[in-house]
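One-letter residues, chain by chain:
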Protein chains: 4
Amino acid sequence: MANSKYEYVREFEQTDLLLPNTWIVVRIDGRGFHKLSTKYAFEKPNDRSALDLMNAAAVSVMKEFPDVILGYGDSDEYSFIFHKSTSLFQRRASKLSTTITSTFTAHYVYLWPTYFPMKPLSPPLPSFDGRCVLYPTTKDLRNYLAWRQADCHINNLYNTIFHTLVLRGNLSPQEAEAALSTTTASAKNEMLFQGFGINYNNEPEMYRKGSVVYRAYELAPVGVPVSGNLNPDDDDGAERASLSKTAAEKEKKIRSKARIAVEHVDIIKDDFWERRPWILSGKS
Amino acid sequence: MANSKYEYVREFEQTDLLLPNTWIVVRIDGRGFHKLSTKYAFEKPNDRSALDLMNAAAVSVMKEFPDVILGYGDSDEYSFIFHKSTSLFQRRASKLSTTITSTFTAHYVYLWPTYFPMKPLSPPLPSFDGRCVLYPTTKDLRNYLAWRQADCHINNLYNTIFHTLVLRGNLSPQEAEAALSTTTASAKNEMLFQGFGINYNNEPEMYRKGSVVYRAYELAPVGVPVSGNLNPDDDDGAERASLSKTAAEKEKKIRSKARIAVEHVDIIKDDFWERRPWILSGKS
Amino acid sequence: MANSKYEYVREFEQTDLLLPNTWIVVRIDGRGFHKLSTKYAFEKPNDRSALDLMNAAAVSVMKEFPDVILGYGDSDEYSFIFHKSTSLFQRRASKLSTTITSTFTAHYVYLWPTYFPMKPLSPPLPSFDGRCVLYPTTKDLRNYLAWRQADCHINNLYNTIFHTLVLRGNLSPQEAEAALSTTTASAKNEMLFQGFGINYNNEPEMYRKGSVVYRAYELAPVGVPVSGNLNPDDDDGAERASLSKTAAEKEKKIRSKARIAVEHVDIIKDDFWERRPWILSGKS
Amino acid sequence: MANSKYEYVREFEQTDLLLPNTWIVVRIDGRGFHKLSTKYAFEKPNDRSALDLMNAAAVSVMKEFPDVILGYGDSDEYSFIFHKSTSLFQRRASKLSTTITSTFTAHYVYLWPTYFPMKPLSPPLPSFDGRCVLYPTTKDLRNYLAWRQADCHINNLYNTIFHTLVLRGNLSPQEAEAALSTTTASAKNEMLFQGFGINYNNEPEMYRKGSVVYRAYELAPVGVPVSGNLNPDDDDGAERASLSKTAAEKEKKIRSKARIAVEHVDIIKDDFWERRPWILSGKS
């Protein structure tokens with residue numbers, strides 16, 4: 001039963017190498033998590049255990065993939081950033097997206113009982129989809145992350161007041177939706193404060209800012225702008241590509257031993273990046 | 001904190017719609033399963049529980065995705081076939097590959113304790129990668145499946161004799177490898193039979209043929225060739241595309257209720273397909 | 001001045017191999033031909049010389065590329081069909097589209113003085129864009145060509161009556177447009193006949209049907225349906241792929257010597273294809 | 001003859017939008033120019049008229065496409081650079097590559113009699129293929145151009161001595177090839193000088209450096225480094241994207257009126273770029 005007569009079918013596989021020297025984002029999203037959150041009675045507007053589980057799975061992904069330099073997550077989504085110099089899986093798009101999604105899923109399901117000991121899983125199980133997005137410049141990458149964090153804020157503010165109106169204001173979901181349909185952010189803040197004594201800024205940072213996951217080394221001093229902070233990348237495309245194999249292996253090892261920090265901090269402004277210059281430089 | 005100034009980053013997402021009217025194969029592969037099989041002491045050359053777990057996860061994928069018409073697996077890989085008329089996820093490649101890979105992974109990890117009650121999982125966890133491959137014709141698709149089944153046979157024959165030589169013939173792995181390096185299939189069969197009294201054809205079909213997973217309806221009578229069996233597809237591209245939404249929903253429902261069969265049979269010859277015409281016709 | 005330090009830039013070139021065993025259409029379109037037709041005072045609704053020039057350029061493309069099995073053109077566009085078994089340029093999309101577009105353009109400009117001896121070209125020159133489109137089945141391919149020929153008919157009927165209303169009916173272009181905005185095909189036919197004594201079906205076939213360009217061998221007898229006419233392709237993917245190099249070269253030679261026919265005939269119905277079975281079989 | 005039943009075939013066209021905020025290179029190459037150079041008896045190692053014709057066609061491309069910021073050519077190839085902020089043709093790869101290739105071809109054929117009045121063209125005509133390549137950073141783009149210019153130098157040095165050995169040294173082509181097979185650049189220089197009194201550095205710059213085509217405005221003063229010369233791009237991705245339509249139109253007009261310079265100068269070092277800051281800034 002020689003296999004040669006069938007092997008021509010391999011030619012139908014198409015290459016999908018991602019453009020070199022660009023930042024790779026793999027963003028994964030929970031599939032049908034609205035339904036899932038009902039099935040397992042997640043607390044509204046935020047379920048602490050569910051978010052902790054997402055973060056724990058993200059930390060596991062970072063541990064298994066030293067090439068991931070940062071993760072950012074909120075709600076049922078997570079973005080994982082690969083340095084633009086990465087050559088993991090020869091930058092094959094499908095390999096990167098499926099591997100990250102699968103690893104995240106494995107840990108999510110594996111860790112579920114730890115975070116929801118009283119709520120055993122049953123099919124259909126939680127799952128995720130994923131995709132690769134490329135950003136050519138550090139600025140574009142940071143704007144991507146700013147977009148996700150601003151989105152987290154917008155959604156959380158909305159959800160916080162919506163559920164307050166329903167749970168404590170005795171509005172129906174429809175009434176609450178109508179009440180919020182045209183209000184500005186500041187009007188929402190006011191509504192929360194005047195109506196319910198809630199200062200939105202005192203809400204947990206985890207809910208307002210999402211979660212940032214990265215390798216923790218010693219912080220750089222405050223206020224010392226990193227040279228070319230906003231675009232440290234343009235200069236080193238070729239250099240990093242030619243980083244010796246030994247050096248690359250060594251860096252990988254250092255990274256794989258680093259502690260993974262999970263924080264709920266602003267990543268839109270410069271401060272976060274200036275004090276952690278190793279994240280964007282790709283040098284651990 | 002308006003989000004609009006960052007939203008331009010969405011334009012960097014690129015579309016990856018798969019060519020219409022072509023068969024879609026999503027093939028997933030275990031990552032680092034050689035190491036995994038050592039860690040969990042899988043039996044060689046075949047670990048029945050590990051294969052049963054793969055099949056159980058595949059059945060779960062079929063249940064969650066009525067659009068999958070057939071799965072074929074052996075060792076640590078599985079191929080899932082979508083009918084060429086599918087419009088699931090608008091045929092977006094990354095969505096299809098990541099969702100299938102994630103769902104499979106979720107069930108694999110979830111079901112692990114059922115199949116390995118004495119071997120609890122620990123990180124790094126099992127995970128899979130995946131990719132989409134397109135086949136324009138039924139013939140190409142069947143040749144793809146034939147390629148995988150022939151590959152299963154070739155590998156299993158090799159592994160069977162290799163492990164027999166090591167375990168019962170007291171050869172070192174290197175000696176066994178050397179002994180097998182140039183032998184033909186028939187010489188291998190002979191070696192098994194003469195040396196160890198093993199008739200390869202009596203080995204379990206699951207190991208020799210792999211596993212086919214599909215929806216089981218009533219078999220068609222033997223020997224009645226389905227009209228255009230080898231290429232029933234060319235004629236109905238447009239027609240199926242224009243299948244009314246109601247009809248499509250109805251078909252989906254029928255499919256999602258069908259029993260999923262797991263069999264270890266030949267899918268290279270015509271018989272399997274002729275007796276199960278609904279698989280390639282896409283009509284349940 | 002060693003070049004090696006710069007050569008890494010080659011890695012940014014991305015492969016774009018088209019899926020094997022699918023029909024390739026390269027369709028080219030005139031850029032800004034509305035303006036061009038004014039500049040060179042093309043006759044309305046059809047300029048015979050302009051169409052003859054398009055056809056002459058298409059014939060030249062067919063002569064230079066034996067792999068092109070058929071061309072179909074109308075107005076300022078032309079579609080060139082490569083057999084699904086072609087391996088020209090390893091099926092690289094950009095190579096195929098740019099080469100065909102460039103060759104067509106070269107001949108269009110070169111032959112211009114022959115067809116417009118009194119209207120010398122001046123910059124900006126006529127140019128074309130092009131793209132590759134894949135069709136997995138013969139049926140899809142024939143429907144593509146039917147789409148173009150039906151489009152030719154629809155546009156030509158509209159243009160014929162529009163220009164008749166303007167030139168002979170003394171309507172302004174706006175009035176003519178308004179008059180035609182809701183009329184059906186049959187109403188348009190009637191309007192032409194009643195108002196101006198024009199029987200649309202007596203208009204030149206070249207204008208009503210466009211132009212088909214193909215290699216002319218001896219026609220098959222009428223009414224003998226070619227076996228599997230509508231889907232002769234499913235069966236021979238692998239076989240043709242494995243056509244020996246010598247045989248392929250020989251076929252190419254036969255094809256490159258064949259006379260190129262330019263006809264204005266129906267290619268929507270089966271007759272054209274049944275009597276010229278070599279076109280879709282790819283066997284000259 | 002409604003067209004609707006065929007229109008589904010449009011869904012088979014696939015989008016090919018190039019990643020935003022990356023430099024686009026369209027490189028075109030002469031097809032079979034080795035044969036062509038024999039047919040029309042081009043002078044060896046360089047035919048001045050043939051190169052002038054290439055440059056004239058390139059200038060025409062720049063005139064018709066204000067979005068092209070620079071062209072670089074040598075031998076039978078030309079690279080055209082689009083600013084990373086361009087949105088021409090929505091950045092569709094096939095549209096960009098075919099249009100540039102077609103326009104270049106049109107002018108090449110049209111201008112041929114001007115440069116070769118005694119050598120009328122005959123089929124097969126000169127034609128070109130083309131492709132798009134993306135570069136994420138200015139540095140990568142400049143390295144691409146450096147690669148092409150270094151390649152020009154290497155080839156020209158080789159061809160100069162090869163043809164000198166054949167024409168004046170009475171070596172056969174095979175002997176000349178053998179003599180050159182292992183020589184370094186400096187040995188080649190020496191060979192030219194000692195053997196034939198030729199100082200390679202006195203050869204025409206057009207042959208040694210190729211041709212740069214760009215819009216000529218007033219040069220910036222020498223030695224004043226442009227801020228961020230090597231990476232002026234990272235900062236303005238979003239800004240330029242949001243350039244108002246009116247402003248963009250105005251810039252386009254300014255550019256389309258500029259004189260096109262054709263020069264044979266070094267573009268590997270910084271000087272060229274520092275004195276012409278408008279090229280990479282995209283601001284005319």
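Residues numbered from 1 in each chain as written. Chains lettered and ligands numbered in written order. Predicted model: local features only at pLDDT ≥ 70, side-chain atom pairs only at ≥ 80, totals over all residues. Heavy atoms only, no water.

Is there a simple way to think about the overall build of chain A in this case?
Each helix and strand counted, chain A has eleven helices and six strands in total. Dimensions of chain A along its principal axes, counting C-alpha atoms only, are 70 × 60 × 35 Å. In chain A, buried positions account for 56% of the 284 residues. Across chain A, the fraction of contacts at a sequence separation of at least 24, relative to all contacts at a separation of at least 6, is 80%. As displayed, chain A offers around 12300 Å² of accessible surface, 54% of which is attributable to carbon and sulfur atoms. Taken as two groups, the 35 positive and 34 negative side-chain charges of chain A have centres that lie 5 Å from each other. (Helix = DSSP H or I, 4+ residues; strand = E, 2+ residues; numbered from the N terminus. Buried < 20%, exposed > 50% of the residue type's maximum accessible area, 1.4 Å probe, protein only. Contact = heavy atoms within 4.5 Å. Areas by Shrake-Rupley, 256 points an atom, 1.4 Å probe, with all protein chains shown as cover. Lys, Arg positive; Asp, Glu negative; His and termini not counted. Charge placed at Lys NZ, Arg CZ, Asp CG, Glu CD.)

Looking at this structure, I do not really get the interface of chain C and chain A. What am I missing?
Many descriptions give the size of an interface as the accessible area lost when the pieces come together. Every contact between the two is made by eleven residues of chain C and, on the other side, eleven residues of chain A. Summing both sides of the interface, chain C and chain A together bury roughly 870 Å²; the carbon and sulfur share of this comes to 63%. Inspection of the region where chain C meets chain A yields zero salt bridges. Applying the counting rule to chain C against chain A returns three residue pairs in polar contact (both at pLDDT 80 or more). A breakdown of the residues in the side of chain C that touches chain A according to their chemical character gives seven nonpolar, three polar and one charged. (Buried area = accessible area lost by both parts, 1.4 Å probe. Salt bridge = Lys/Arg side-chain N within 4 Å of Asp/Glu carboxyl O. Polar contact = N/O pair within 3.5 Å; in protein donor to acceptor, adjacent residues only side chain to side chain. Nonpolar A, V, L, I, M, F, W, Y, C, P; charged D, E, K, R; others polar.)

Before we go on, may I ask you to explain the relation of the copies chain B and chain A in this structure?
One chain copy maps onto the other through a rotation about an axis and a shift parallel to that axis. After a rotation of 180° and a shift along the axis of 0.0 Å, chain B superposes on chain A with an RMSD of 0.0 Å. These values place the two chain copies in the arrangement generated by a two-fold rotation axis. (Least-squares fit on C-alpha atoms with pLDDT ≥ 70 in both.)

Just to check I follow, could you spell out the pairing of strand β4 (residues 128-135) of chain B for this structure?
Residues in a regular strand project their side chains so that they alternate between the two faces of the sheet. Residues and elements named next belong to chain B. β4 sits mainly inside the fold: eight of its eight residues count as buried. Along β4, one buried face is formed by F128, G130, C132 and L134 and the opposite face, lined by D129, R131, V133 and Y135, is buried too. As paired strands, strand β1 (residues 23-30) and β4 are joined by eight bridges and run antiparallel to one another. When the sheet's bridge partners are listed, W23 is paired in β4 with Y135. (Pairing = 2+ DSSP bridges.)

So what exactly am I meant to see when it comes to the packing of helix α4 (residues 138-167) of chain D against helix α6 (residues 185-196) of chain D here?
When two helices pack together, their arrangement is captured by the angle between the axes and the distance separating the axes. Residue and element names in this part refer to chain D. α6 packs onto α4 with a crossing angle of 35° between their chain directions and a minimal axis gap of 10 Å. Our pair here, α4 against α6, has a crossing hand that is left-handed. Mapping the contact onto sequence places L157, Y158, T160, I161, T164 and L165 in α4 and A185, K188, N189, M191, L192 and F196 in α6. For the contact of α4 with α6, the residue count by class is eight nonpolar, three polar and one charged. (Axes fitted to C-alpha atoms, helices over the stretch in contact; angles between N-to-C directions. Left-handed = near helix turned anticlockwise from the far one by under 90°.)

What is the right way to read the sheet that holds strand β6 (residues 259-263) of chain D from this model?
Within a sheet, adjacent strands bond to each other through the backbone by hydrogen bonds, running parallel or antiparallel. All names here are of chain D. Spatially, the six strands line up as an open sheet ordered β4-β1-β3-β2-β5-β6, and their pairing is antiparallel. Every interior strand has two partners, whereas the edge strands, β4 (128-135) and β6, have only one. On average, each strand axis in the sheet is tilted by 20° relative to the strand beside it, whichever way the strands run. By the bridge criterion, five bridges tie strand β5 (residues 211-216) to β6 in an arrangement that is antiparallel. Directly across from V213, in β6, lies its bridge partner V262. Strands in contact with α4 are β1 (23-30), β2 (68-74), β3 (77-82) and β4; relative to β2, the strand with the most contacts, it is inclined by about 25°.

What is the right way to look at the packing of aromatic side chains in this model?
Here a ring pair, both rings aromatic, is described through the centre-centre distance and the interplanar angle of the planes. Under the definition given, this model contains 84 aromatic pairs over all chains. Ring centres 6.4 Å apart and planes at 25° place the aromatic pair F104 of chain B and Y108 of chain B in the stacked group. Of this pair, F104 of chain B and Y108 of chain B both sit in helix α3 (residues 93-115), four residues apart, roughly one helical turn. Both residues of the pair, F104 of chain B and Y108 of chain B, count as buried. One aromatic cluster in this structure is built from F33, Y40, F42, Y78, F80, F104, Y108, W112, F116 and F128 of chain A. (Phe/Tyr/Trp six-rings, centres within 6.5 Å; stacked < 30°, edge-to-face > 60°.)

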